[in-house]
Structure formats: structure tokens, C-alpha cells
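Chains, contacts and geometry: an overview
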Amino acid sequence: MLNEFYLEVEENSARIDRYLAEELPDLSRSRIQQLIEQGKVQVNGEVCTSKKINLKVGDRITLEVPEAQPLELQAEDIPLDILYEDDQLLILNKPAGLVVHPAPGHSHGTLVNALLAHCPHLPGIGGVQRPGIVHRLDKDTTGAIAIAKTDIAYKHIQAQLQTKTARREYLGVVYGAPKTSSGKVDLPIGRHPQDRKKMAVVPVEEGGRSAITHWQIQERLGNFTLIHFQLETGRTHQIRVHSAKIGHPIVGDPVYGSGRSVGVNLPGQALHAWRLRLQHPITGDSVEVTATPPQSFTTLLEILRRRAAIYS
């Protein structure tokens, strides 16, 4: 069920998110921004793609607010590959195919369901729907992910991510052979203007947010390359979008990839959160873990190495 609102602007106004927050006090500004990202707001019959556009007299706004669907979070006994754990935080090696938190269509079998069985006191830490989740990995991206077990840990790790003191390193196999051995992609990322389920490089003035990815070649594999990525920011699908934008999409990426088969059965994109380093929220000590890549990733590398040797 949808609730629809229709408004006509009567005087030149500020940004659309501020205007709607003032006109519809039952909706928070962050909720309005979320609805804009989801394509639920139209201005003069066109989907609004940015929370920053300025309104003018006569603009007609349509806003759709989906009925809230409360999620009943159930603890589920799902095996976890634990890399580090104490009374403040937990770091896991996430497998491919595991959704991080429940959402419509994925109410069971998620990492959060597994965490509630492993740490029964988690509810309420960092939000009811995403307890303990400080950052996320895409469903089919594997590797190291940190979980906060206390409010102190949650706020501390969140601050480290915002100030870029936490270090997140990834390994990814891409199509093609970059000409240089290393580089930096500094391109803002936002919701795709036509396909709201995808992200894209979007100018800041149209709603994109700063996104910076550093990369360095680890190994050249003929027409493929193993790359070490380091995130300076943490936007949704950041490495996948940036890699595709520079002409070297991640192998096996069903959304941003080339669609070409490499002859290896992959569960998703060949992208692995390899190393995570952060500061312990209580002791201040450095905590660093390295997550072993899954078998599918190592098999892919072995096959590409053999092919490269044959054709070299």
C-alpha cells in the first residue's frame, strides 16, 4: 500500500528535501532523502534524482511513501567464519551469497539473523533493523566485515570509517590490462538516474557523493588483472562502479560487468575484502585481520594463470 502526497510550490523555495520536511512534518528529512534516492519523488512529472535541486513557484511535486513493513528479526544458527572476537567487536570472513541485513525479500538467512544467534545482546546496537552493522559488503562480495557488539564500539568504528583512519583493502580480478601499475579513481557516486537499483558516477551537483578508490596491480594475467584496491570512502558498490567506469569491470559482476563468461563457475563478482585494520574502541590498539579468499576466487586465479602461461 502506498501513501501519495501532492504539493504545488507557492513561492521560490530552498532545496527539495528541506521543503518537503517542512511541508510534511511526519517525515524526517533523512527519510525524505531516502525516498528521493529510491525514485519515489517526482517534480513536474519527472523523477527527482537529487535532494539538492531548488524549487520554484508552480512546481508540482508527487511523493510516494510505501507502507512501513516491520521486520521480525529471528535468530538463526548459521555458521560464521570468525577472524577476531572479543567483548567489543567481531570480525568475520563473509561468504558469497550472504545478505548482510534483512530487507523486503530477504527477511531470513542474513548475516544479522546469524549474529543474533551468536550474540543475543545485539538488538538495539546501531539500530533495530541492522544491529551491530557498522559497514556492509554486497551480497556476493566476500571477506572481512566488522560487527560492533556494544554502543561504544559502534560509535568508535563508525567514526574511524568517517575520518578514514580504518583501512579497508580488497582484491579483485578485472577484465583487461591497465596501462599503468597503479592509480586513483576520484569520481562521485550516486543512484543511477534511470535504474534506481544501480549506482553510477553522478556529478555532485546532481546528488553524487565523493568517492575515492586507490588501486595497484598485484598480478597481470594476460587479458585479466589481479588488482589490490584500497577504499578512501565507502559508497555503495564503489569499487564495482569505479572499475567499470575506467574500462576494467570486475570479473563476474552481474550488474556492472561485461557479461562475458570466463569459463569459471563464480558465485558473483570476483571481489574480496582481503584485509581490514582498525583501532580497538577500548584499548586503542591496532586490530588487523586478513581474510582468506574463497575457493572460487583462488580457482579463478589458477585458471587465469595457466591460460596466461600458455599464451605468453
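To be clear, the structure that these remarks concern was listed above.
As a starting point, this report considers the structure included with it. None of the values given here were measured: they were computed from a predicted structure.

With that settled, the discussion passes to the overall build of the protein. Helix and strand counts for the protein stand at six helices and 15 strands. Each principal axis of the C-alpha atoms in the protein carries an extent, and together these give about 70 × 45 × 35 Å. For the protein, buried positions account for 44% of its 312 residues. The contacts of the protein with a sequence gap of at least 6 include a subset with a gap of at least 24, amounting to 65%. Summing over all exposed atoms, the protein offers an accessible surface of approximately 15900 Å²; the carbon and sulfur share of this is 47%.

Let us look at the pattern of salt bridges. For the structure shown, the criterion picks out eleven salt bridges. With a shortest N-O distance of 2.9 Å, Glu-219 and Arg-305 are connected by a salt bridge. With a gap of 86 residues between them, Glu-219 in strand β12 (residues 212-221) and Arg-305 in helix α6 (residues 295-311) connect regions that are remote in the sequence. A relative accessible area of 23% means that Glu-219 is categorised as partly exposed. The salt bridge partner of Arg-277 is Glu-288, with a shortest N-O separation of 3.4 Å. Of this pair, Arg-277 sits in strand β14 (residues 271-279) while Glu-288 sits in strand β15 (residues 286-290), and the two are eleven residues apart along the sequence. With relative accessibility at 34%, the residue Arg-277 sits in the partly exposed group.

Moving on: the environment of Ala-21. Following the sequence through the fold, Ala-21 ends up in helix α1 (residues 16-23). In this structure, the C-alpha to C-alpha distance between Ala-21 and Ala-200, residues 179 residues apart in sequence, is 27 Å.

A word on the packing of aromatic side chains. Summed over the entire model, instances satisfying the criterion amount to one aromatic pair. Ring plane angle 45 degrees and centroid distance 5.5 Å describe the contact between Tyr-175 and Phe-224, whose orientation is recorded as tilted. Here Tyr-175, found in strand β8 (residues 167-175), pairs with Phe-224, found in strand β13 (residues 224-231); they are 49 residues apart in sequence, far enough to count as distant. Each member of the pair, Tyr-175 as well as Phe-224, is classed as buried.

The next thing to look at is the nonpolar core. Counting residues in hydrophobic clusters, the biggest one holds 43 residues, and the most contacted among them are Ile-91, Leu-111, Leu-115, Ile-147, Tyr-170, Phe-229 and Leu-278. With five residues, the top contributor of residues to this core is strand β7 (residues 142-148). Contacts of Leu-111, omitting those with residues within four sequence positions, involve Leu-80, Leu-92, Leu-98, Val-99, Val-100, Ile-133, Ile-145 and Ile-147.

Another point: the side chain of Asp-17. You can see Asp-17 is positioned in helix α1. Within the structure, the side chain of Asp-17 is placed 2.9 Å from the side chain of Gln-33, a separation counted as a polar contact. Not counting residues up to four positions away in its chain, the partners in contact with Asp-17 are Arg-29, Ile-32, Gln-33, Ile-36 and Lys-51.

Our focus in this paragraph is the environment of Gln-230. Relative to the helices and strands, Gln-230 is located in strand β13. With 17 residues separating them in the primary sequence, Gln-230 and Thr-213 have C-alpha atoms 6.0 Å apart. When neighbours within four sequence positions are excluded, Gln-230 is seen to be in contact with Arg-167, Arg-168, Glu-169, Ile-212, Thr-213 and His-214. Here the side chain of Gln-230 touches Arg-167 through a polar contact of 2.9 Å, side chain to side chain.

Moving on to the pairing of β8. Along β8, eight of the nine residues are buried, which leaves the element largely enclosed by surrounding structure. Bridge count for β8 against β14 is six bridges, and the pairing is antiparallel. Following the sheet pairing, Arg-168 is matched in β14 by Leu-276.

What counts as what
- Residues numbered from 1 in each chain as written.
- Predicted model: local features only at pLDDT ≥ 70, side-chain atom pairs only at ≥ 80, totals over all residues.
- Heavy atoms only, no water.
- Helix = DSSP H or I, 4+ residues; strand = E, 2+ residues; numbered from the N terminus.
- Buried < 20%, exposed > 50% of the residue type's maximum accessible area, 1.4 Å probe, protein only.
- Contact = heavy atoms within 4.5 Å.
- Areas by Shrake-Rupley, 256 points an atom, 1.4 Å probe, with all protein chains shown as cover.
- Salt bridge = Lys/Arg side-chain N within 4 Å of Asp/Glu carboxyl O.
- Phe/Tyr/Trp six-rings, centres within 6.5 Å; stacked < 30°, edge-to-face > 60°.
- Core = buried A, V, L, I, M, F, W, Y, C linked by side-chain atoms within 4.5 Å.
- Polar contact = N/O pair within 3.5 Å; in protein donor to acceptor, adjacent residues only side chain to side chain.
- Pairing = 2+ DSSP bridges.

In short, geometric facts, not functional conclusions.
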